[in-house]
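Secondary and tertiary structure notes
Take a look at the letters that make up each chain.
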Amino acid sequence: MIELEGVPELIDPVMICAFEGWNDAGDAASTAVGHLDREWKGEVFATLDAEDYYDFQVNRPTVWLDGGVRKVTWPTTRLSVVRTGGDKPRDLVLVRGIEPSMRWRSFCNEILGFAHELGVEMVVVLGALLGDTPHTRPVPVSGVTSDPDLARSLDLEESRYEGPTGIVGILQESCTHAGVPAVSLWAAVPHYVSQPPNPKATLALLNRLEDLLELRIPLGELPEDARAWQLGVDQLAAEDSEVAEYVQSLEEARDTAELPEASGEAIAREFERYLRRRDGQPGPGGHASDSGVADSRDSYLRDPGSGRARPARSTARDEPRDEPREESSDAAKAEPDGAAATGDGRPAGGAKPRGEEAGKAGRAESRAEGERAEGRAEGEAEGEAERARRGEAEEDKAEQGPDQDAGREPGGSDEDPADEADGNA
């Protein structure tokens, strides 16, 4: 029975583990746990006995000077606890060490003993492997579990791997048999740049951990380190034509394979993470930012083409009914094409957009008003011509006298009878 002294009661604790060695390509996983411990100022509360689990010819101890006094650091595994803070604080139990050389079952049972004593709700094991992935693309991170129910509830893959495994696989299976929910997060590191460190893979693991646990992790200088790493690899690849061609082939294969998946869910996850980082309370060692953290990360963790945000469509209620505007129809034509539409361009549901109807009504009213105005102008012109003609006729009658009027034949006049009566009068 493990008895812990000096460890306070924890709030919704989750255990996060990473081990150097076979399951830690580019030191991405162990660096991720070390980043959490450093940013949240973790306090070590337990250390496993190195004599029980390590071959010192494989993992040798190191000697260092402390004020002139020589000291020895033995390879081991340490446990620390941190509190995330924010609106909903939660405690994380961090397990960081070197993959043990022997007695793996005893090693896992001791880790599970701490988890049981601390009331851990779930164990998350971080790992990194070498893969055929280009360094110019977002680092793929897969979430795996052996629990079918957990896979469905957390949208994870159910483990189907068969073959050699490391301490990450053994610890996950030990958790499953002990009834402790366990998840493994694996980052794929480009095999042609496998040497540590790989801050881009570390950042990808932390982002995936944020999504899994729904918390905000202060990133510190990690985004800048990841960007500098990618620029450095770009320069190295540009100096070797064969490497550049190989990277291009990996890019084409990756883009072709993942093209159908570059849609809703990935964009939604990025947007949710952005909202958490914008609205979340700053944790120790970090600060919330609307642009610095989120923008710097997006530049190399997300394909630029898949991060577009569509402008919001205006509803029919927003368009005025009594004041049709000509530009309403043009605005409707400029709407993004993401909404469902029928064959004649109308939105699904059968009703035409009110802006389009208002535009047509406005154009018809304008044409009718123009026709009425044209008719009034023509009528006024005809009236003016008629009045002028009448005036000339009256002047002619006055000059000719009544005798001329009397000598005309009936019906031979081309004037109106009413005009004749007026002239005689």
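Just above sits the structure.
Quick summary incoming for the structure in this document. (Residues numbered from 1 in each chain as written. Predicted model: local features only at pLDDT ≥ 70, side-chain atom pairs only at ≥ 80, totals over all residues. Heavy atoms only, no water.)

Points about the pattern of salt bridges
Between side chains of opposite charge, a pair can form when the charged atoms approach closely. Stated formally: When a carboxyl oxygen of Asp or Glu lies within 4 Å of a side-chain nitrogen of Lys or Arg, that pair is called a salt bridge. Runs of E in the DSSP output that reach at least two residues are strands. Runs of H or I that reach at least four are helices, and both are numbered from the N terminus. Throughout this description, buried means an accessible area under 20% of the type-specific maximum (1.4 Å probe, protein chains only), exposed means over 50%, and partly exposed covers the range between.
Per the counting criterion, the structure on display carries eight salt bridges. Linking Glu-121 and Arg-90 is a salt bridge whose minimum nitrogen-to-oxygen distance equals 3.5 Å. Separated by 31 residues along the polypeptide, Glu-121 in the loop between helix H3 (104-118) and strand S7 (122-131) and Arg-90 in the loop between strand S5 (77-83) and strand S6 (91-98) bring together distant segments of the chain. Arg-227 is the salt-bridge partner of Glu-224, the closest N and O atoms lying 3.0 Å from each other. Placement of the pair is Glu-224 and Arg-227 together in helix H7 (residues 222-238), with a separation of three residues, close to one helical turn. Assessed through its relative accessible area of 48%, Glu-224 is described here as partly exposed. Residue Arg-227 is classed as partly exposed on the basis of its relative accessible area, which comes to 24%. Taken together, the shared-partner salt bridges connect Arg-137, Glu-251 and Asp-255 into one network.

Points about the environment of Leu-206
Where we set the bar: The criterion used for residue contact is that any of the two residues' heavy atoms lie within 4.5 Å.
Tracing the backbone shows Leu-206 in helix H6 (residues 199-213). Spatially, the C-alpha atoms of Leu-206 and Leu-126 are 9.5 Å apart, while their sequence positions differ by 80 residues. Excluding residues within four positions of it along the chain, Leu-206 makes contact with Ala-32, His-35, Leu-36, Ile-217, Leu-219 and Leu-222.

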